[in-house]
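Structure at a glance
Each chain, written out:
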2 protein chains.
Amino acid sequence: MTRRALSIALLAAVPLAAGGTDASLAPEIRQTAQALRDKALAGSQASQWVAGLTDRVGPRLAGSAGDRQATAWGLETLEALGFANVRAEKVAVKVWQRGAEWGEVVSPQPQRLALAALGGSVPTPEGGLEAEILEVSSLEELGARPDAARVKIVFFDKKMERASDMSGYMRAVDVRSKGASRAAALGAVGVLIRSVGTDHNRLPHTGGVDYEEGLPRIPAAALSIPDAELLERLDRSGKPVRVRFTLGCGDRGTAESANVVGEIPGTRKPEEIVLLGAHLDSWDLGTGAIDDAAGCGIVIEAARLIGELPRRPARTIRVVLFANEENGLAGARAYAKDHEAELSRHAAALEADSGTGRPTGFSWLAGPSAEPAVREIGRLLEPVGAAAASGDGYGGADISQLRTAGVPLFSVTQDSSRYFDFHHTANDTFDKIEPEALDRVVAAVAAFAYVAASSPEPFERIPEGKRALPGS
Amino acid sequence: MTRRALSIALLAAVPLAAGGTDASLAPEIRQTAQALRDKALAGSQASQWVAGLTDRVGPRLAGSAGDRQATAWGLETLEALGFANVRAEKVAVKVWQRGAEWGEVVSPQPQRLALAALGGSVPTPEGGLEAEILEVSSLEELGARPDAARVKIVFFDKKMERASDMSGYMRAVDVRSKGASRAAALGAVGVLIRSVGTDHNRLPHTGGVDYEEGLPRIPAAALSIPDAELLERLDRSGKPVRVRFTLGCGDRGTAESANVVGEIPGTRKPEEIVLLGAHLDSWDLGTGAIDDAAGCGIVIEAARLIGELPRRPARTIRVVLFANEENGLAGARAYAKDHEAELSRHAAALEADSGTGRPTGFSWLAGPSAEPAVREIGRLLEPVGAAAASGDGYGGADISQLRTAGVPLFSVTQDSSRYFDFHHTANDTFDKIEPEALDRVVAAVAAFAYVAASSPEPFERIPEGKRALPGS
């Protein structure tokens, strides 16, 4: 459907609102969406679902005991809340497990280092890995010194800048994902990175390392930021700095995990799906409150509020709590594959995986004719601070797998100023949740989902030319 | 000397200042003190000494290898800066050592707990200590339930309030020092406390436990505040909560440590001493930057600036970097004992042990006739924000041992709003130092010390009736 066609369809269905600007939403859709929004703003139960997942389950890395408990928690919670078609859809995941870990400066004088293995890292030899460090500030600097890394432990001291969006993270994270292979290619024996984070706590930020095929896999760990700054000061004092670290982590085969699914069935078009996603797994250091119990709480609560309406929307709201977002995306891939046949009937997908900050806007990726409808949604979201719509969205890591099928992708952008103080650390715990901000996100997601599931015509799908996954 | 006598002496020596209010300081003393103050405000080297102690030595609990390195660092630093009579005065210390430690909720569902043994704690049995918890909010609540603690692990969930002074800490710390013995007296098998701190990091706050004679010594540990809040939520969900924890810590005999001393010799009255103290030891979890490398940096730098003057003051400035403040006060006691014969010639003592916050005033404890001089000092300290003088000071833990000898005691009070976010945790590292605030404290201490060492008459000593140590 072209943009003009959608406009005509919407205009045909909807009388002009009094102000003359809200032309494309039927009044009953608008009013119900507003009521949902305002109900969530008055206080939702999202934080309660976050507390359930973090307190009753805690850490839940794919394939761990916590992961299995999280699946059980998801099924039980969705059942208890009256969702329909509650089910666990099996996902095979690769298992990686942290072990004992220890780091220290050996010379010029002994100092303990607070560090954590990066997810996926190979272990060090027993007894640890000891070498002189080579400090570089970026992949580029390493590349410019191709002979300097041999038999060294490369120390990537790249600083992340605080930002209200993800931009600081996106600029800094390459050393975590690519640093190990780049260093290994130059003969390095190990990698330490300054944690990709914005805090100053002695709590390292983990996160996945991506080993390149065909290169030696060398151990990789993140130093807490105070420890990275210590190493930086020691290194700049002019004497060679030797460190030793031990990582007992490693791959532990495969295991069964699951995407947990539950639905609020649609009335007139139940076969058409509006997917609300978040991920159920978490890194192992904290209890995954902001990443991503918060998202689970948001989408469960938004769907629950819609399910409580006296009249449900036309399309089905499907909550998907994805497995294995953090270190593999196996859940997202399994969903895209297993549901391939019905992806053409996925009218929209939204992912909540941005923590507990207040909404700042929303992003979308759909066909151009969706724009007037997006603007209408923006007006609905003005009272929650999420009016600003950005058309270059990607939805989120899990739902981005639906892009190749053209499913329109959405996300509520959130204030991330403090997100990276806690992200992927032991500090990601329930006390970091801001219930009022979370309610605002619920308000935005519920209003969006209701409109997406109720509007006579679905959003125009992503144009063929824009369906390639980023990086592919 | 009476107050009247002091006033007469000062008036005799000092012409009235132009404004008529600054009657009791000789202009040359005032001007030199102002110049010292302003030099420190323009940028001192205090942070550099803090970096030296934290980066080159790090953790330095009494009797540890770090403690010995700290003594060496102190001697080397004072020598290098040209102090006179630099020496290590031996102190025998009791040694306590942390071991492996681990905590977990066993039921209603497993959860890892971030905890740290309190200093001085006995170890748990091998394999850990497991019991149901009894949550109480205070020593008083425990006392009101004398039958509830038997065979339980008592969980003291007492919240510390943030304050700009030490008041929040003083109100909260009793559960850490006294909780174990109070609980043991009622048949408890172990104690966990909510960390005495104001942060929300997964980093427990250690600190000393005081076992009472004649009661069983039971293992005691601090939970990080997020973990204490988890336990609180689990406990309030109604089901019995069982926890297990393992502490491998324990007493390890005695060792030799030292007070490190260095002097800026006085000119006309070198036998009279103005003591500037801080403590060289630290807890073992962090690198002791705010507690108390900051204090060491402050007093070293204040004395160094005085030593650089073209004309040194009449009295000797003696820097004492005390051993074992954190868990025994053996350094303070040894100093008081070893220097007993010259304590009557200690004209004043000041201790810096309040971290890195900006000055907010100063406190004093001396004879009443010192008040006009104290007010004069207050006026000198106005530009650094430390004008407010409080007459109920105690100086600090180390110099309070000099109280029985009547030595006038002083301290610069500092903004402590953030001090207890880091105090006694792994987070007490150099990055927490605020160099500009530290310079302000140096300015205050240098100006005070110069006046104390230069004024014709010393401060009136603490009256006999006020010389008892608090709590004795």
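Refer to the structure above for everything that follows.
Not measured: the values here are computed from a predicted model. (Residues numbered from 1 in each chain as written. Chains lettered and ligands numbered in written order. Predicted model: local features only at pLDDT ≥ 70, side-chain atom pairs only at ≥ 80, totals over all residues. Heavy atoms only, no water.)

Let's talk about the overall build of chain A
As a reminder of what qualifies: Under the DSSP-based scheme used, a helix requires at least four consecutive residues in state H or I and a strand at least two consecutive residues in state E, with every element numbered from the N terminus. To get the radius of gyration, use the C-alpha atoms; to get the globule rule, take the number of residues to the power 0.38 and multiply by 2.2 Å. For each residue, the accessible area found with a 1.4 Å probe, counting protein chains only, is set against the maximum for its type, and the residue is called buried under 20%, exposed over 50%, and partly exposed in between. When checking whether two residues touch, look at their non-hydrogen atoms; a contact exists if any pair is within 4.5 Å. Positive charges come from Lys and Arg alone, negative charges from Asp and Glu alone, with His and the N- and C-terminal ends not counted. To locate a charge, take atom NZ for lysine, CZ for arginine, CG for aspartate or CD for glutamate.
Helix and strand content of chain A: 13 helices and 16 strands. For chain A, the C-alpha radius of gyration of 23 Å lies close to 23 Å, the compact-globule estimate for 472 residues. Here the C-alpha coordinates of chain A stretch approximately 75 × 40 × 40 Å along the principal axes. Each of the 472 residues in chain A was classed as buried or not, and the buried ones make up 63%. Across chain A, every contact between residues at least 6 apart in sequence was considered, and the portion connecting residues at least 24 apart equals 82%. In chain A, 52 positive and 62 negative side-chain charges are present, and the distance between their average locations comes to 2 Å.

What about the pairing of strand 12 (residues 315-322) of chain B?
Residues and elements named next belong to chain B. We apply this condition: Whether two strands pair comes down to DSSP finding at least two bridges between them. By definition, the crossover connecting two strands over a helix is right-handed if that path, from the first strand to the second, turns clockwise as seen with the strands pointing away from the viewer.
Most of strand 12 is tucked away: eight of the eight residues are buried. Bridge count between strand 10 (residues 250-264) and strand 12: five bridges; the pairing is antiparallel. Residue pairing in the sheet places Glu263 in a bridge with Arg318 of strand 12. For the handedness criterion, the β-α-β arrangement of strand 11 (residues 269-279), helix 9 (residues 289-307) and strand 12 is classed as right-handed.

Concerning the side chain of Thr198(B)
Assignment of secondary structure puts Thr198(B) in the loop between strand 7 (190-194) and strand 8 (220-223). With near-sequence residues (within four places) excluded, Thr198(B) lies in contact with Met160(B), Glu161(B), Arg162(B), Ile225(B), Ser417(B), Phe420(B) and Asp421(B).

Concerning the interface of chain B and chain A
Test applied: The working definition used for a salt bridge is a side-chain nitrogen of Lys or Arg within 4 Å of a carboxyl oxygen of Asp or Glu. Note on residue classes: Ala, Val, Leu, Ile, Met, Phe, Trp, Tyr, Cys and Pro are nonpolar, Asp, Glu, Lys and Arg are charged, and everything else, Gly too, is polar.
Taken residue by residue, the interface counts 28 residues in chain B and 28 residues in chain A. A salt bridge links Asp55(B) to Arg233(A); the shortest N-O distance between them is 2.6 Å. When residues of the side of chain B that touches chain A are traced back to their parent elements, those giving at least two are helix 3 (46-56) and helix 8 (225-236) of chain B. Looking at which element gives the most residues to the side of chain B that touches chain A, the answer is helix 8 of chain B, with five residues. Per-class residue counts for the side of chain B that touches chain A are ten nonpolar, eleven polar and seven charged.

Observations concerning the packing of helix 3 (residues 46-56) of chain A against helix 4 (residues 65-80) of chain A
Residues and elements named next belong to chain A. The following threshold applies: The axes are straight lines fitted to the C-alpha atoms, using for helices just the contacting stretch, and the angles between their N-to-C directions are given from 0 to 180°. Angular relationships are summarised with four words: roughly parallel below 35 degrees, roughly antiparallel beyond 145, roughly perpendicular across 65 to 115, and oblique for the angles in between. Take the far helix as your reference; a near helix turned counterclockwise from it by less than a right angle gives a left-handed crossing, and one turned clockwise gives a right-handed crossing.
Following both chains from N to C, one finds helix 3 and helix 4 inclined at 150°, their axes separated by 10 Å at the closest point. Between helix 3 and helix 4, the angle is such that the two are roughly antiparallel. As for how helix 3 packs across helix 4, the hand of that crossing is right-handed. When helix 3 is examined against helix 4, the residues Trp49, Gly52, Leu53 and Arg56 are found in contact with a partner set consisting of Gln69, Ala70, Trp73, Glu76 and Thr77.

Notes on the packing of helix 2 (residues 27-41) of chain B against helix 13 (residues 435-454) of chain B
Residue and element names in this part refer to chain B. Contact pair helix 2 / helix 13: the axes reach a minimum separation of 8 Å and the direction vectors enclose 160°. Our classification of the angle between helix 2 and helix 13 gives roughly antiparallel. Like other packed secondary-structure pairs, helix 2 and helix 13 cross with a definite hand, here right-handed. Mapping the contact onto sequence places Ile29, Thr32, Ala33, Leu36, Arg37, Ala40 and Leu41 in helix 2 and Asp439, Arg440, Val442, Ala443, Ala446, Ala447, Tyr450, Val451 and Ser454 in helix 13. Grouping the amino acids of the contact of helix 2 with helix 13 by side-chain chemistry returns eleven nonpolar, two polar and three charged.

Considering the pattern of salt bridges
Residue and element names in this part refer to chain A. Tallied over the entire structure, the rule returns 70 salt bridges over all chains. Between Lys432 and Asp431 there is a salt bridge, with the nearest N and O atoms lying 2.6 Å from each other. As far as burial versus exposure is concerned, Lys432 and Asp431 are alike and both buried. Shared partners join several salt bridges into a network, and the residues in it are Glu135, Asp157, Lys159, Arg194, Glu229, Glu232 and Arg236.

Here we look at the relation of the copies chain B and chain A
Basically, it comes down to this: Least-squares superposition aligns the copies on the C-alpha atoms of those residues with pLDDT at or above 70 in both.
You can overlay chain B on chain A at an RMSD of 0.0 Å; the transform is a turn of 180° with a shift of 0.0 Å along its axis. The transformation relating the two chain copies, once decomposed into turn and shift, fits a two-fold axis.

Structural notes on unusual backbone geometry
Each neighbour pair has its own omega, and for Ser107(A) with Pro108(A) the value is 20°, a cis peptide bond. Position of Pro108(A) relative to the elements: it lies in the loop between strand 2 (101-107) and strand 3 (111-113). Put simply, Asp291(B) and Asp292(B) share a cis peptide bond, and its omega is 10°. Turning to its location among the elements, Asp292(B) is positioned in helix 9. A positive phi angle, close to 60°, is found at Leu329(A), a residue other than glycine. Assignment of secondary structure puts Leu329(A) in the loop between strand 12 (315-322) and helix 10 (330-338). A positive phi is found at His424(B), a non-glycine position, where the angle reads about 65°. With respect to the helices, strands and loops of the structure, His424(B) is situated in the loop between helix 12 (419-422) and helix 13.

Considering the packing of aromatic side chains
All names here are of chain A. Heads up, the rule is: Between rings of Phe, Tyr and Trp, where Trp is taken as its six-membered ring, a pair exists when centres lie within 6.5 Å; planes separated by under 30 degrees are stacked, by over 60 edge-to-face, and by other angles tilted. Any Lys NZ or Arg CZ that is within 6 Å of a ring centre and within 35 degrees of that ring's normal is treated as a charge sitting over the ring.
Considering all chains together, one arrives at 14 aromatic pairs over all chains under this definition. Measuring from centroid to centroid gives 5.8 Å for Phe322 and Tyr335, while their planes differ by 75°, and the two rings are edge-to-face. Here Tyr335 lies in helix 10 and Phe322 lies in strand 12, a separation of 13 residues in the sequence. Neither Phe322 nor Tyr335 differs from the other in exposure class; each is buried. Taken together through their ring pairs, the aromatic side chains of Tyr169, Tyr419 and Phe420 make up a single cluster. Directly above the ring of Phe422 sits Lys432, whose terminal nitrogen or CZ lies 5.3 Å from the centroid.

In short, geometric facts, not functional conclusions.
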